[in-house]
Each structure stands twice: as structure tokens, then as C-alpha cells.
Amino acid sequence: MRRGFDAAGETIEVHRLTSELKLAGLGLTALKSNFVQLKHPYKLNFAVTYRCQSRCQSCSIWKQKPKQELSLDEIEQFAEKNNHFRWLGLTGGEPFLRSDLVDVVEAFVQHSKGLYLVAMPTNSLSSEDIIADRIASIFELGVPRIIITLSLDGYRKLNDRVRGVNGSFDEVMSMARRLRSMQKTWKGLSFSFGYTISKLNEGSLEQTYQAVKKEIGDVTYNDFHINMGQVSGIYYDNLGADIQTDRLALADELDSFIRKRHMEFGLAPLIEGVFLKKLVYYMRTGRQPIRSRSLDASLFLTSDGDVYPSIMWDRKLGNVRDTGYDLEPIWHGKEAQAIRSLIKQGKEPSSWTACEAYQSITGYLPSLL
């Protein structure tokens, strides 16, 4: 696909039209989810590995022993039998530690013909060249849009302490500069600094922004994506982590920060703005702002094939290895139906994370107003 950018304008135009069709497909599916129960999820949250070089105080994924990760062959079978994804959220651990990451994405590209978006976080501790090369290779597969979140939880000294690796702040800055350069070639590439706000870095959001500003002069408040530190037994494995603090203080800090964001046009900035405002609400009330679209628009797949409604809901539905990698028996099973009933009754665990919130926002159009 890369040669299309170097070849005749006709090839570039075909690529543009294909991208627009895939975007339209994603938009129409999200719109449809406002009115009917979808037959299939259009977003997959997939923890491709739990291996990680970070040693974060807020998360214990890195402490887990390696599990029997789905092999590339198994992922290819899963992608072939479940060919309806338009949005792929790959997470970890550190996704770029999978040497076959590009092949994993290719498996979904080959079978989910409407796939528009691939989103991934990175701690930037893998080789910068390897990360950049894999991002470029995914674009060459024909993926129109890639969103990278650079994990950053404080200014230099604080970040390195919270994330447990000396020099990690500087690695993130270097990766950000590299991605800025790549954006000149890959117009569908965007990235942000992913800041998890918690007791560990309370009161340091503005100072962190200023520290990044010194390194990257054109950074803006819009380049920061904020999540609240939360606990999850099935994902972060951090049920005993001491990260909770005065929610109201964190809410005030976040509210002050997002008021400095500038107006941007487009659906993606609008959704992000809604997410952040709802996050302030969640911090202040402890209540989930919008009913989730778990087991409607999305689901969570672990590295060893377990299926959950979301990354925050510790209620296993099954394992794809037991169904020949077909989601249908799990998606339409009794457990899934029981969970959907609980969601409709408002009995799901209260949480607000980007992995789950974005499809909830687009699945409830009044939230955009």
C-alpha cells in the first residue's frame, strides 16, 4: 500500500475513497447502535500481550507471569470467523513487544474489510525504530487511521518514579518527536499523551504539561488524553493498589485543565471533549455518566482468549479456544444475555475509561449535545 503514496494520483484517490467509505461504515454502525441491538460488536478491545517493561505503581500487569497467549495462527482463525470489526483497540502490557504485531493487524485487515481504526498505547520503551517501522507497516496494510497513546504520568522525575523506569520520560519525548515527523508522511496518524490521574500524581497535571511544553514547543492541552486511575482484577490486576484519593480534588484539577483546551472541529475532538467532561462528572459523583455498550458495540478479549464484557467487569463469558475461535456461541449465550439484562437495569460496575466510553458516547447521540 505504501507505494500508492509514491505512485500516480489515481491510486492515492482510490485510497482516499476507500478510507472515506470505511469511516462512513464505522459512523453508520455507531449511529445504528443508538436504535437497535447490534448483531455483532464493531469494536474489539484485545490485550495482545501482558508482557511489559514498565513497573508502574498503579498497575500490576507487569507482575503477571506470561500466559498462553493466542498464537498468530489462532488470531488468524479468530479474525476469519469474526469478520465484522471496524475498530481495533490493541492493548497490553506493551503491544509493541509482540514481534508479530503487524501480522496480527493484517489478520483483521484481511477479513474485516470495513476496518477503519487501530488504536494502541505504548510506554515508548521498545526500540523507537521498531515502533515506527511497525506503525508504518500497519499503514501499508491499508489501515486508514492509527491512534497512538504515549503513556506519561508526570513530569520527568515524577513520571519515572510512578512508572518505575528511569529515563522513561525522555523515551516518551523522543517517541513523540518521531511520531510528529511520521505525520508528514502518514496523514492518518495521530497521537496523544495518555495521563492516568490518581493519588500517585495528584496536583501534577499542569506541571507535567509545562514539562512537555519545554521539550515539544508546539504541544497543546488538546494533546493530552486523561484517564482516572481505577482498579480491575481482570485487567490491571491492581485490586490492592493504593491509588484512590479525594475524587473531588482530582475532578477540580481535571476540570481546570480541560478548560484550557482550544476548540477543534471534527467528530473525534468532539467525542474526546465529551469523554473528559463526563470523566469530571464521574469523579465527582462516582456514577457512570452513560450506560455502557458492552456486549453490544464492544467486548474485551484477553491475551489467552478469555472474553469479558469490558476491561473493568470481572465476569467471564467464555474462551474462544473452546468455541473454535467463533464468538457467536459466546455472544449469544445465556451468560451474555444475563449481562445485557443487568446493563439495561443499570447494575453494571460503575467505571469510565476510554476503552469503553467512546462507543458509549457514540451510541447515545444526546451526549454529543
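Nothing here was measured: the structure is a model prediction, and the numbers come from that model.

Cut-offs applied
- Residues numbered from 1 in each chain as written.
- Predicted model: local features only at pLDDT ≥ 70, side-chain atom pairs only at ≥ 80, totals over all residues.
- Heavy atoms only, no water.
- pLDDT = per-residue confidence, 0-100.
- Contact = heavy atoms within 4.5 Å.
- Patch = residues over 30% accessible without salt bridge, like charges linked within 9 Å, V, L, I, M, F, W, Y side chains within 5 Å.
- Areas by Shrake-Rupley, 256 points an atom, 1.4 Å probe, with all protein chains shown as cover.
- Salt bridge = Lys/Arg side-chain N within 4 Å of Asp/Glu carboxyl O.
- Helix = DSSP H or I, 4+ residues; strand = E, 2+ residues; numbered from the N terminus.
- Buried < 20%, exposed > 50% of the residue type's maximum accessible area, 1.4 Å probe, protein only.
- Phe/Tyr/Trp six-rings, centres within 6.5 Å; stacked < 30°, edge-to-face > 60°.
- Lys NZ or Arg CZ within 6 Å of the ring centre and 35° of its normal.
- 1 Å grid on protein atoms, 1.4 Å probe; cavity = no way out; pocket = protein on both sides within 12 Å on 5 of 7 lines; lining within 4 Å.
- Points joined across faces, edges and corners; volume = space filled by probe spheres on them.
- Nonpolar A, V, L, I, M, F, W, Y, C, P; charged D, E, K, R; others polar.

(A) Structural detail: the confidence of the model for the chain. Looking at the chain, the pLDDT average stands at 91 and 96% of residues meet or exceed 70. For the stretch residues 1-5, pLDDT sits under 50, and the model shows 13 contacts to residues farther than four places along the chain or on other chains.

(B) Representation of a nonpolar patch on the surface. Together, Leu28, Leu31, Phe35, Val36 and Leu365 line one region of the surface with nonpolar side chains, adding up to about 480 Å² of accessible area. Tracing the backbone shows Leu365 in the segment after α12 (354-362).

(C) Inspection of the pattern of salt bridges at higher detail. This structure, assessed with the given rule, holds 19 salt bridges. A salt bridge links Arg51 to Glu69, with the shortest nitrogen-to-oxygen separation between them at 3.7 Å. Pair noted here: Arg51 is in the loop between β1 (43-47) and α2 (72-81) and Glu69 is in the loop between β1 and α2, with a separation of 18 residues, a long-range link. Arg51 sits in the partly exposed class, given a relative accessible area of 36%. Take Glu69: its relative accessible area is 21%, and that puts it in the partly exposed class.

(D) Summary view of the packing of aromatic side chains. Evaluation of the coordinates by the stated rule reveals 16 aromatic pairs. With a centroid separation of 5.9 Å and an interplanar angle of 65 degrees, the aromatic rings of Tyr209 and Phe224 are classed as edge-to-face. You can see Tyr209 sitting in helix α7 (residues 205-215) and its partner Phe224 sitting in strand β6 (residues 224-228), a full 15 residues away along the chain. The pair Tyr209 / Phe224 is uniform in exposure class, with both members buried. Geometrically, the ring pair formed by Tyr235 and Phe300 is edge-to-face, given 5.7 Å between the ring centres and 80 degrees between the ring planes. Here Tyr235 is found in the loop between β6 and α8 (247-258), whereas its partner Phe300 is found in strand β7 (residues 298-301), with 65 residues between them in sequence. For the pair formed by Tyr235 and Phe300, the shared burial category is buried. In textbook terms, an aromatic cluster arises when at least three aromatic residues are bridged by ring pairs, as seen for Phe191, Phe193, Tyr209, Tyr221, Phe224 and Phe257. Over the aromatic face of Trp87 sits the side chain of Lys43, whose NZ or CZ is 4.5 Å from the ring centroid.

(E) Inspection of empty space enclosed by the protein at higher detail. In the structure shown here, the tally under the stated rule is one cavity of 30 Å³ or more. As a volume, the largest cavity reaches approximately 100 Å³. If you go around the largest cavity, you meet 14 residues; those closest to its centre are Gln288, Ser292, Glu348, Ser351 and Glu356. Classifying every residue of the lining of the largest cavity by side-chain character gives five nonpolar, seven polar and two charged.

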